[in-house]
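Spelled out from the first residue to the last, the chains are:
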Amino acid sequence: MKMRTLFLINAVIQLIFGLGFMLAPTVLLGLFGTKTDATGTTLAHVAGGVILSLAIISWLGKDIEGSAQDAIAWGGVFFAHLQAGIFTLLAILSGTFNALAWSAVVMDALFVIAFFWVRGNKA
């Protein structure tokens, strides 16, 4: 896999989750077995905007080469997925999220692994 491919896949996934949090946060959170109040809904909207911005950055970064692409990859792909995976895992372990949230943890872990694998195979 090339970094461009990883960025494209990341952009699509981030677009889906970003739109979900922007347009239907209670539905998306409901899938993971939790409810939220007005404050949580507002924060989910904010998170959706941030996630959409990461989708745009990833999409535009797919064709950049060199250190600029590395910077985008570290911040947008690696750290975003690392922190998301950790906090989702903590929510599962505390009983806040249901078993379906494991799919998000696995997805985030795969992005972290893919990032290291692609970086290790860069020529």
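Please refer to the structure placed before this passage.
The structure presented is a predicted model; accordingly, all values stated were derived computationally and were not measured.

Caption draft 1: Structural view of the overall build of the chain. Looking only at helices and strands, the chain has 5 helices and 0 strands in total. Sequence-ordered secondary structure for the chain, helices as α and strands as β, is α-α-α-α-α. On C-alpha atoms alone, the chain measures out to a radius of gyration of 15 Å, which is about the 14 Å that the 2.2 N^0.38 rule sets for 123 residues. Dimensions of the chain, computed from the C-alpha atoms along their principal axes, are close to 45 × 25 × 15 Å. Counting every position in the chain, which comprises 123 residues, the buried fraction comes to 40%. In the structure as shown, the chain presents an accessible area of about 7000 Å², 75% of it carried by carbon and sulfur atoms. When the 6 basic and 5 acidic side-chain charges of the chain are each reduced to a single mean position, those positions are 6 Å apart.

Caption draft 2: Here's a closer look at the packing of helix α4 (residues 67–93) against helix α5 (residues 102–120). Between α4 and α5, the shortest axis-to-axis distance is 8 Å and the interhelical angle comes to 150 degrees. What the angle tells us is that α4 and α5 run roughly antiparallel. Between α4 and α5 lies a crossing of left-handed hand. Within the contact between the two elements, α4 uses D70, A73, W74, V77, F78, H81, L82, A84, G85, T88, L89 and I92 and α5 uses W102, A104, V105, D108, F111, V112, F115, F116 and R119. Here the residues of the contact of α4 with α5 are counted per class, giving 15 nonpolar, 3 polar and 3 charged.

Caption draft 3: Highlighting the nonpolar core. M3, L6, F7, A73, V77, F111 and F115 are the most contacted members of the largest nonpolar core, which has 13 residues in total. Elements with a minimum of two residues in this core: α1 (3–23), α4 and α5. With 6 residues, the top contributor of residues to this core is α5. When residues no more than four places from it in sequence are discounted, the contact partners of A73 are M3, F7, F78 and F115. Listed in part, the 12 residues of the second largest apolar core include I51, A91, I92 and V105.

Caption draft 4: Examining the side chain of Q69 more closely. Along the chain, the position of Q69 falls in helix α4. A relative accessible area of 4% means that Q69 is categorised as buried. Discounting residues that sit within four places of it in the chain, Q69 has contacts with M3, F7, G61, K62 and I64.

Caption draft 5: Structural detail: helix α3 (residues 38–61). Between the first and last C-alpha of α3 there are 34 Å, a value that for 24 residues agrees with the 34 Å anticipated at 1.5 Å per step. Looking at the packing, one finds that the buried side of α3 touches α1, α2 (25–31) and α4.

How each quantity is defined
Residues numbered from 1 in each chain as written. Predicted model: local features only at pLDDT ≥ 70, side-chain atom pairs only at ≥ 80, totals over all residues. Heavy atoms only, no water. Helix = DSSP H or I, 4+ residues; strand = E, 2+ residues; numbered from the N terminus. Rg over C-alpha atoms; globule rule 2.2 N^0.38 Å. Buried < 20%, exposed > 50% of the residue type's maximum accessible area, 1.4 Å probe, protein only. Areas by Shrake-Rupley, 256 points an atom, 1.4 Å probe, with all protein chains shown as cover. Lys, Arg positive; Asp, Glu negative; His and termini not counted. Charge placed at Lys NZ, Arg CZ, Asp CG, Glu CD. Axes fitted to C-alpha atoms, helices over the stretch in contact; angles between N-to-C directions. Parallel < 35°, antiparallel > 145°, perpendicular 65-115°, else oblique. Left-handed = near helix turned anticlockwise from the far one by under 90°. Contact = heavy atoms within 4.5 Å. Nonpolar A, V, L, I, M, F, W, Y, C, P; charged D, E, K, R; others polar. Core = buried A, V, L, I, M, F, W, Y, C linked by side-chain atoms within 4.5 Å. Expected span 1.5 Å × (residues − 1).

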